[in-house]
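Listed below, chain by chain, are the residues.
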Amino acid sequence: RHRTAPSLHCFDKIAFCVHKSDTMFAVRSVRHAAPIASLLRQRTMAQSAAMVHTEAHMKEIGITLPDYQDAVWSYVKAQRDGDKFYIGDHVGQDENAVTVRGKVGDEGMVGAEVSPEEAELLARNAGLRLLSTLSHYLDGDLDRVDQVVKVVGIVNGTPDFRGHGKVINGCSDVLVEVLGDRGRHARTCTGSGSLPAAVTCEMVVRVKD
């Protein structure tokens, strides 16, 4: 049976239908995309608002980190293993960046040279120095700190001194002041019969890229 070729008019109708269908699909896509884009924007804004901006926070509360001090012997100040930084001991120093030495003890204790209150301030300085070293290894971005995992504090105490924990609070407290909950950590405090400083602290920190 002989078939006639479809007229151009038919092709026009088909083209019109296809075009109309594409337009309706595009409109539907735009209508669906609009709320999705809005949700994405809201999520991005929420994430931005949740960012810590640690350095700005330190400025607000009046904390300035001491200058970074590099290692002087055949070791490094911090070593990264996976997502953790192991930061070696940092001694407590005075306002002139001079290590304070001597035995920590209560007034009247034999051999006491540094009071517990002075030692607590030295532990705070050690904590600030730990943060300075960490900042150096993180290219100045402490927002990359995910969690301080562990702090070890060693006090060069007299034989009968028992206030090691209160002394190391100086380090623990400043970590929380700067980092908030990210600065809360497990902790070990111990005394030492001999130490080249009154107080020294070290820490392990989990970081994110």
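This section reports on the structure supplied with the text. (Residues numbered from 1 in each chain as written. Predicted model: local features only at pLDDT ≥ 70, side-chain atom pairs only at ≥ 80, totals over all residues. Heavy atoms only, no water.)

Quick notes on the nonpolar core
Grouped together as the largest cluster of nonpolar side chains are 37 residues, with contacts concentrated most on Ile87, Val104, Leu134, Val167, Val199, Met203 and Val205. Contributing elements (two or more residues each) for this core: strand S2 (84-91), helix H3 (116-137), strand S3 (145-155), helix H4 (164-179) and strand S5 (199-207). With 8 residues, H3 is the single largest residue contributor to this core. Discounting residues that sit within four places of it in the chain, valine 167 has contacts with Val104, Pro116, Ala119, Glu120, Ala123, Val155, Phe161 and Val199. (Core = buried A, V, L, I, M, F, W, Y, C linked by side-chain atoms within 4.5 Å. Buried < 20%, exposed > 50% of the residue type's maximum accessible area, 1.4 Å probe, protein only. Helix = DSSP H or I, 4+ residues; strand = E, 2+ residues; numbered from the N terminus. Contact = heavy atoms within 4.5 Å.)

Considerations on the packing of H3 against H4
Close contact between H3 and H4 brings their axes to 7 Å; oriented N to C, the two are set at 40°. Here H3 is positioned oblique relative to H4, judged by the angle of their axes. Here the hand of the crossing between H3 and H4 comes out right-handed. Facing Pro116, Ala119, Glu120, Ala123, Arg124, Gly127, Leu128, Leu130 and Leu131 of H3, the residues of H4 in contact are Lys166, Val167, Ile168, Asn169, Gly170, Cys171, Val174, Leu175, Glu177, Val178 and Leu179. Along the lines of polarity and charge, the residues of the contact of H3 with H4 split into 13 nonpolar, 3 polar and 4 charged. (Axes fitted to C-alpha atoms, helices over the stretch in contact; angles between N-to-C directions. Parallel < 35°, antiparallel > 145°, perpendicular 65-115°, else oblique. Left-handed = near helix turned anticlockwise from the far one by under 90°. Nonpolar A, V, L, I, M, F, W, Y, C, P; charged D, E, K, R; others polar.)

With respect to the sheet that holds strand S1 (residues 78-81)
Pairing is mixed in the open sheet, where 5 strands are placed in the order S1-S2-S5-S3-S4. What marks the edges here is a single partner per strand, and that holds for S1 and strand S4 (186-191). Averaged over neighbouring strand pairs, the angle between their axes works out to 15° when direction is ignored. Set on the sheet, H3 makes contact with S1, S2, S3 and S5; between it and S2 the angle comes to about 140°. (Pairing = 2+ DSSP bridges.)

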